[in-house]
Amino acid sequence: MTQQFEQKIIRSSCPYCGVGCGVDVTTINSVPTAVKGTETHPANFGRLCVKGSNLIQTVDLDGRLLHPMIADKPVDWEQATLHVADKFQQTIKKYGPDSVAFYVSGQLLTEDYYIANKLMKGFIGSANIDTNSRLCMSSAVAGYKRAFGSDTVPCSYEDLDHTELLILVGSNAAWTHPVLFQRMEKAKLANPDVKIIVIDPRRSATAELADFHLPLKAGSDVALFNGLLHYLIQHNAIDNNYINAHCEGWSTTAAGVAHSDIDNTALLCDLSPEQLTQFYQLFADSKSSVTFYSQGVNQSSQGVDKCNAIINCHLATGKIGKLGSGPFSITGQPNAMGGREVGGLANMLAAHMNIEDQNHQQLVQEFWQSPTICTKAGAKAIDLFDKINAGEIKAVWIMATNPLVSLPNRNVIEQALKKCEFVVVSDCMEKNDTLTYADVKLPATTWGEKDGTVTNSERRISRQTGLMPAPGQAKHDWQIIRDVAHKMGFASHFDYHHAADIFKEHAALSGYKNGSHGHAVRDFDISGLSTLSLNEYNRLIPVQWPINSTYPNGRQHIFDDGLFYTPSQKAQFIHVVAQLPQQTPTTEFPYILNSGRLRDQWHTMSRTGKSAALAKNIKEPFLFINPKEAEQLGLSKSDLVKVTSPYGEVILPLQFDKGLKVGNVFAPIHWSQLTAPTANISKCFGSFVDPISGQPESKFTVVKIEKYNTEQFIQCFSDVEFQPNSDYWAKVKITSGFEYICANSLPIDLAINWCRDNTDIAGDWSYFENSQSGIRTVLCIKDNKLQFAAFLASYKPEINADWVESLFDQPSVTVEQINRILRADVAQDFLNGKTICSCFKVGETQIINAIVDHNDNTTELLGQRLKCGTNCGSCKSELRALINEHGQQHKVKDNQILNLSASNNAKLVQIPITEIEA
Ligand SMILES: Nc1nc2c(c(=O)[nH]1)N[C@H]1C(S)=C(S)[C@@H](COP(=O)(O)OP(=O)(O)OC[C@H]3O[C@@H](n4cnc5c(=O)[nH]c(N)nc54)[C@H](O)[C@@H]3O)O[C@H]1N2
Ligand SMILES: Nc1nc2c(c(=O)[nH]1)N[C@H]1C(S)=C(S)[C@@H](COP(=O)(O)OP(=O)(O)OC[C@H]3O[C@@H](n4cnc5c(=O)[nH]c(N)nc54)[C@H](O)[C@@H]3O)O[C@H]1N2
Ligand code: SF4
Ligand SMILES: [Mo]
C-alpha cells in the first residue's frame, strides 16, 4: 500500500505577541513542517521574529494534557462537563451568582472569549469574569475611555512608517514586538531625519536604536509628560484650533501643569534639564509624532494617569487621527484586543458597551435573549483572588493563563487556590504551577489546532487556523464552555457548531442598535462581518475595524473627523497629578526591582520552553544589576543572590547590566516551578494596583539583595527530565534532552552519586577530575550513546551547550569524544561564546572578533560576514550593542571630532589624540 502524501500551505497567524503577524504554515499529512511570514499580511509583510520563526518546534505533544481529569483521575467529557456544571450551579444556588468566577486570558481566541463572557454576564448573571489582560492593558483601556469615551486605539502600524518623531515609553519593542521594531528601524533608515526617543529607566535593547534614551526615574512618567505639556504651552506649540473644535477640559488641565516647569520636572524624573529640553523641543518642532507605549506605562499604580498624561499632549497638539501621529498603546498578547471587544474584563459589557449603562444592559440582554444580565462591575483580577481568600468566591474556572506565576504576590494567590472549594483549569499542558491546585483539569486545544479569530494591536482582525486535528480528547475552549453551558440548562442559547457561528453573533451584536445609516454610535462595529458564510469566514482577509456599511473595508484613522465617542463627541483632557509608586525604598529594602521580558521566551514558557533554538540566547533567569553597584555589595558576576521583598523571596544568579540606573535591578518574568523553582519573580511583587484600572504595579517593588552562598555549580545535560536536588536550578530544552544549571552546597564528594541518584539512569557511569580547570565531569553512556553529562566546579563551568548537544544528537560517541567530554575540552568549532543570533547560531565571540579584527561596525557588515541578523533580525539590537561596546570608533587616525552619541542633536565631544588607542 502506498502512503498518501498530502502537502498543504495553510494561512494562519502567530500565537505570540500583539503584532499579530500572518504565517503560512506548510503541513505534510497534517503535521506542520515549516513556517514563514505571510507576504501580504499588513502586520508583517512576510517578516517573522525569532519566536514566530521557531513555531514548528513548539507543536509536539510532549507534556500535553490529553484527557479531562477530576481529582487527577481521567474521566470522559460527559462526566467532566457535568461535574463542572453541577458544582457551579450548586454554588450559585446556595450563595448567589457572585460566588463563582472565571479567570480567562488574552490568549483565548475571540470566539472562546465571547461565549465565556456571555455565559457569565448573561446567564450566570455575574460580572465575575476577569482576565490576565488586567495585568497587561487595563490601564490603557481606562486611559482611552477617559479621553475618547471609548476604548479605541487611534493608530495603525502605518503611522510608524510616516512619523517624524517616535517616542517609545516603557516599551522594549526590540524584544517584545520585534517585527514592528524592524518596521521602525526601516522607517529610520529610509528617512534619517526621523527621531526615535526611548523613555525607560533601563537602557533596554530598544534604546540601541534610539537617537536618545531618557533614563527617567522609575514611575515618573506622569511628571515627564506633564512637563511636556507645560513646555508646549510655554512655547506656543499648542494647536488651539484643534483644542477649541474637538476637546473639552483644557483650561483645568493646562492650569494643572502650571508648576511642571523644566527644573521641577527634572527633579521629579531624575533627568537633567538639558535632556528634557531636547525631548520637549523635538515634540514641539515635529509635525507628527507617535507615542508608542506598553507595560512601563500600564503596569503602574498610576498607569491610567500615565496614559492620559500622554494623550493630553497629543490632543493639545492635534497629533491624533492623522497619518504618522497618535498615542499608540501597543498590546502584548495575541488577542488582548479581541478580549476587549467581547467585554472579557469584569468592568465591561460585550461589544465595547458599558456595564453600568442601563441602556446597554438592556440592549445586550435583548440581543442575547438571556434570563438575566449583570448590572455592576465584577471582581478585577486581584480582587477576584482576594475574594476567594475571603471565602466570597467559592468556585473559579481558570482558562489559558497561569495566575500562580503571573499574578503578583504569589503566596496570596497560592493560599486562595488552596482555599477555593472548586478550581477548574482549562489548559493545553498537563502541568503548570496553577494546575497543581485544580480539582478539574480540562484539556484544551492550542495554536495549530484551534480555529477562530484574533485582533492585533492596530484593530486588525485575522484568522487563526487549525493545521492539525485536536490531539487525544482535547477540545477547543469554545466547545468546552458551550458544553458546560448546555449542562447548565442553556443549550438553546449556546447552539454553536463552529467558531464561525459565534463570530457572526459577536459581529451582529456589535452592530445591534448601533446608530443608523452606517453611522455607528459605538466605536466597535463589525456588523459588516455578521453575514459571512463559512467559506468567507475561513478566507477572511485581515481587516481593521470598524467594518460596517460606511467602512466596508475597515477604517485606519478612526478619529480623522475629530469626532469622539463621548456624549459631546469631544475628546477629554484629563488633569493628572504625578505621584510616586506605592512603595519607597527603605534601609531594609533599598533597591527597586523592575521586571519584564526576554527576547526569546514567552511568559511562563509553556510554548517557547519546548524549543531548543529559543533556549540558546539566555538559558536561565537572572537578576540584572549595575556592575558598579554589585562591586559595592561585594558581588561578582554569576554569584547567586537572594532577593527579598516584603512579600516574598527568590534566588537568582547575578548578571551585570550597565544600562541599569543605580538603585534599580531587573529580573525576567518567565521562570516557574517547572523551569526554575526559586526564580518566580512575581513572588516579590505586592498587590498594589491602579485605583481606576486595577492593573498591578508589576514594574516596581522594593527589595534587598544578599549573596547566596553555594559551594558548587553543576551544568548537566540529560536525555531524561529530572528534578535536581539543588538549592537553585534552571532547566531548558536541548534538541534531544534537557540542560540544567544547578547550584548547591551539598557535600558532593561523590559527584557521581548525586548525578546517578537524581536521574536514575541505568548505564555506564564515569568520572574525571580536571585539576587544571577544577572541573569535575560525570558521564553516563549506554550502548555507546551519551545519556548524561555533568560538569561541576566551584565556579560556573559554562561549557558550550551546542557542543554537548551535538554529542547527544549522535547515535554513538567515539572514545576520543568521550575523553574530550571528560576533560571538558570543548571542540574548537564550538568556542563561540553565548549565542546571539539564534537563527544561524552565531556566538558572541565570533561577533566581537569580526568587530575588532575586521572593523565590521554596522549590523549589515556583520550580517555579510557571519549571516547574523539576516533572517528574523531579532538580534540586531544586541549586535548594535556589541558594536557600541567593542567597535573601534577610537581607531581614528587624525585629530577628528567624535560624535559619541547616535543623536544628531547630541553635543559633539572633542577627544584629544592621546586618548585614542592606536
Ligand atoms: N519575547 C517576548 N515578547 C513578548 C512577550 C513575552 O513574554 N516575550 N509578552 C507579550 C506581552 S503579553 C506583553 S504585555 C508585551 C510587553 O511588552 P513591553 O512592555 O515592551 O515589555 P516589558 O519587558 O514588560 O516592559 C517594558 C519596559 O518597561 C520598562 N519600565 C519599567 N518601569 C518603567 C517606568 O516607570 N516608566 C517607563 N517609561 N518604563 C518602565 C522596563 O524597564 C521595560 O524595559 O510583550 C509581548 N511580547
Ligand atoms: N512581575 C510581572 N508579572 C507579570 C508581568 C510583568 O511584566 N511582570 N506581565 C503580565 C502580563 S502583561 C501578562 S500578559 C501575564 C502573562 O501571564 P500568563 O497568562 O499567566 O502566562 P502564560 O504562560 O501565557 O499562560 C498561558 C497558559 O495557557 C495555556 N494555553 C496555551 N494555549 C492555550 C489554549 O488555547 N487554551 C487554553 N485553555 N490554554 C492554553 C498555556 O499552557 C499556559 O499555561 O503576566 C503578567 N505578569
Ligand atoms: S513579532 Fe514575532 S512574536 Fe510577535 S506576532 Fe510577529 S512573529 Fe509572532
Ligand atoms: Mo501582557
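- Per an unreviewed UniProt entry, the chain is named Nitrate reductase, and its organism is Psychrosphaera aquimarina.

A look at the pattern of salt bridges
Then comes step 1: As enumerated under the stated definition, the model contains 44 salt bridges in all.
Then comes step 2: In this structure, Glu78 and Lys487 form a salt bridge, with 3.3 Å as the shortest nitrogen-oxygen distance. With Glu78 in helix α2 (residues 77–95) and Lys487 in helix α20 (residues 477–490), the pair connects residues that are 409 residues apart, well separated along the chain.
Then comes step 3: Accessibility expressed as a relative area gives 46% for Glu78, which makes it partly exposed.
Then comes step 4: Two residues, Arg599 and Glu878, come together in a salt bridge whose shortest N-O distance is 2.9 Å. Taken together, the positions of Arg599 in the loop between β21 (591–596) and β22 (623–625) and Glu878 in helix α29 (residues 876–886) put the pair 279 residues apart, joining distant regions of the chain.
Then comes step 5: Taking the relative accessible area as the measure of exposure, Glu878 reaches 12% and is therefore buried.
Then comes step 6: Residues joined in a network through salt bridges with shared partners are Glu816, Arg820, Arg823 and Asp825.

Let's talk about the confidence of the model for the chain
Then comes step 1: Of all residues in the chain, 96% have pLDDT values of 70 or greater, and the mean over the chain is 92.
Then comes step 2: For the stretch residues 890–918, pLDDT sits under 50, and the model shows 41 contacts to residues farther than four places along the chain or on other chains.

Focus: the sheet that holds strand β14 (residues 395–399)
Each strand in a sheet pairs with another by means of backbone hydrogen bonds, the pair being arranged parallel or else antiparallel.
Then comes step 1: Spatially, seven strands are ordered β5-β4-β16-β15-β14-β6-β7 in an open sheet, and the strand pairing comes out mixed. Of all strands in the sheet, those bounded by a partner on one side alone are β5 (73–74) and β7 (129–131).
Then comes step 2: Of the pairings in the sheet, the one linking strand β4 (residues 69–70) to β5 comprises two bridges and is antiparallel in character. Its bridge partner lying in β5, Met69 is registered against Pro74.
Then comes step 3: Along the sheet face, helix α3 (residues 110–124) touches β6 (100–104), β7 and β14 and points at about 165° away from the line of β6.

Concerning the packing of helix α17 (residues 381–389) against helix α19 (residues 410–419)
Then comes step 1: Viewed as axis vectors pointing N to C, α17 and α19 meet at an angle of 50°, and their least axial separation amounts to 8 Å. Taken together, the axes of α17 and α19 lie oblique to each other. Crossing of α17 against α19: the hand is left-handed. Contact residues: α17 offers Phe385, Asp386, Ile388 and Asn389, while α19 offers Val412, Ile413, Gln415, Ala416, Leu417 and Lys419.
Then comes step 2: Looking at side-chain class alone, the contact of α17 with α19 contains six nonpolar, two polar and two charged residues.

A word on the pairing of strand β16 (residues 440–443)
Then comes step 1: Along β16, one buried face is formed by Val440 and Leu442 and the opposite face, lined by Lys441 and Pro443, is buried too.
Then comes step 2: Two elements, β4 and β16, share two bridges in a ladder whose sense is antiparallel. The residue of β16 that forms the bridge with Ile70 is Val440.
Then comes step 3: Pairing between strand β15 (residues 422–427) and β16: four bridges, direction parallel. What sits directly across from Ser426, in β16, is Leu442.

Overview of empty space enclosed by the protein
Then comes step 1: One pass over the full model with this rule turns up four cavities of 30 Å³ or more.
Then comes step 2: By volume, the second largest cavity is sized at about 70 Å³.
Then comes step 3: Along the walls of the second largest cavity sit Cys14, Tyr16, Cys17, Val19, Gly20, Cys21, Cys49, Lys51, Pro178 and Val179, which together make up its complete lining.
Then comes step 4: Residues belonging to the lining of the second largest cavity are distributed by class as follows: eight nonpolar, one polar and one charged.

Regarding the site of ligand 3
Then comes step 1: Around ligand 3, the structure places Cys14, Tyr16, Cys17, Val19, Gly20, Cys21, Leu48, Cys49, Lys51, Gly52, Pro178 and Val179.
Then comes step 2: Cavity membership is defined here by more than half of the atoms lying within 2 Å of grid points; on that basis ligand 3 lies in the second largest cavity.
Then comes step 3: Of all the secondary structure elements, the ones that give two or more residues to the shell around ligand 3 are α1 (50–53) and α7 (178–190).

With respect to the pairing of strand β8 (residues 165–169)
Then comes step 1: Counting buried positions along β8 yields five of five residues, so the element is predominantly enclosed.
Then comes step 2: With burial as the criterion, each face of β8 is covered, one bearing Leu165, Ile167 and Val169 and the other bearing Leu166 and Leu168.
Then comes step 3: Pairing of β8 with strand β12 (residues 289–293) involves five bridges; the strand directions are parallel. Paired with Leu166 across the bridge in β12 is Val290.

Some words on the UniProt feature "domain: 4Fe-4S Mo/W bis-MGD-type" (unreviewed entry) in the chain
Then comes step 1: Under the UniProt annotation, "domain: 4Fe-4S Mo/W bis-MGD-type" (unreviewed entry) lies at residues 7–63.
Then comes step 2: Annotation note: span residues 7–63, helix share 7%, strand share 37%, distance between end C-alpha atoms 27 Å.

A word on helix α14 (residues 303–316)
Then comes step 1: Given a rise of 1.5 Å per residue, 14 residues ought to cover 20 Å, and the 20 Å separating the end C-alpha atoms of α14 matches this to within 8%.
Then comes step 2: Burial analysis of α14 places 14 of its 14 residues in the buried class, the great majority of the element.
Then comes step 3: A positive backbone phi angle near 65° is found at Gly318, which sits one or two residues after α14.

With respect to the sheet that holds strand β3 (residues 31–37)
Then comes step 1: A sheet is described by the order of its strands in space; here three strands give the open sequence β1-β2-β3, paired in antiparallel fashion. One side of each edge strand has no neighbouring strand; the edge strands of this open sheet are β1 (7–13) and β3. Going from strand to strand, the sheet's axes swing by 30° on average, the running direction of each strand aside.
Then comes step 2: Two strands pair when backbone bridges link them, and strand β2 (residues 22–28) and β3 are joined in this way by six bridges, in the antiparallel orientation. Of the residues in β3, the one forming a bridge with Val23 is Gly37.

Some thoughts on the site of ligand 1
Then comes step 1: Ligand 1 sits among 34 residues. The nearest are Asp200, Gly219, Ser294, Arg597 and Gln601.
Then comes step 2: Taking Gly296, its main chain carries an N or O atom lying 3.4 Å from a nitrogen atom of ligand 1.
Then comes step 3: In this structure, a nitrogen atom belonging to ligand 1 sits 2.6 Å away from a main-chain N or O atom of Gln601.
Then comes step 4: Relative to its unbound accessible surface of 920 Å², ligand 1 loses 99% to contact with the protein.
Then comes step 5: When contributions to the shell around ligand 1 are tallied by element, the ones reaching two or more residues are α6 (173–176), α13 (295–298) and β21.
Then comes step 6: In terms of residue class, the shell around ligand 1 is made up of 10 nonpolar, 16 polar and eight charged.
Then comes step 7: Of the domains in this structure, domain 3 (138–329) and domain 4 (591–707) are the two that each give at least three residues to the shell around ligand 1.

Details of the domain arrangement of the chain
Then comes step 1: When the domains of the chain are assigned, the result is domain 1 (7–58), domain 2 (69–135 + 335–552), domain 3 (138–329), domain 4 (591–707), domain 5 (712–830) and domain 6 (835–917).
Then comes step 2: Between the C-alpha centres of domain 1 and domain 2 the distance comes to 26 Å.
Then comes step 3: Looking at the side of domain 1 facing domain 2, the largest losses of area belong to Ser12, Ser13 and Pro42, adding up to 29% of the total buried there.
Then comes step 4: Linking domain 1 with domain 2 are zero salt bridges, by the criterion used here.
Then comes step 5: The interface formed by domain 1 and domain 2 includes seven residue pairs in polar contact (both at pLDDT 80 or more).
Then comes step 6: If you list the elements that add at least two residues to the side of domain 1 that touches domain 2, you get β1 and β2.
Then comes step 7: The biggest single contributor to the side of domain 1 that touches domain 2 is β1, with four residues.
Then comes step 8: For the side of domain 1 that touches domain 2, the residue count by class is 10 nonpolar, seven polar and one charged.

Cut-offs applied
Residues numbered from 1 in each chain as written. Chains lettered and ligands numbered in written order. Predicted model: local features only at pLDDT ≥ 70, side-chain atom pairs only at ≥ 80, totals over all residues. Heavy atoms only, no water. Salt bridge = Lys/Arg side-chain N within 4 Å of Asp/Glu carboxyl O. Helix = DSSP H or I, 4+ residues; strand = E, 2+ residues; numbered from the N terminus. Buried < 20%, exposed > 50% of the residue type's maximum accessible area, 1.4 Å probe, protein only. pLDDT = per-residue confidence, 0-100. Contact = heavy atoms within 4.5 Å. Pairing = 2+ DSSP bridges. Axes fitted to C-alpha atoms, helices over the stretch in contact; angles between N-to-C directions. Parallel < 35°, antiparallel > 145°, perpendicular 65-115°, else oblique. Left-handed = near helix turned anticlockwise from the far one by under 90°. Nonpolar A, V, L, I, M, F, W, Y, C, P; charged D, E, K, R; others polar. 1 Å grid on protein atoms, 1.4 Å probe; cavity = no way out; pocket = protein on both sides within 12 Å on 5 of 7 lines; lining within 4 Å. Points joined across faces, edges and corners; volume = space filled by probe spheres on them. Near = heavy atom within 4 Å. Sits in = over half its atoms within 2 Å of the grid points. UniProt positions renumbered as here; feature names shortened; annotations may be inferred. Expected span 1.5 Å × (residues − 1). Polar contact = N/O pair within 3.5 Å; in protein donor to acceptor, adjacent residues only side chain to side chain. Areas by Shrake-Rupley, 256 points an atom, 1.4 Å probe, with all protein chains shown as cover. Domains from an automatic or database assignment. Buried area = accessible area lost by both parts, 1.4 Å probe.

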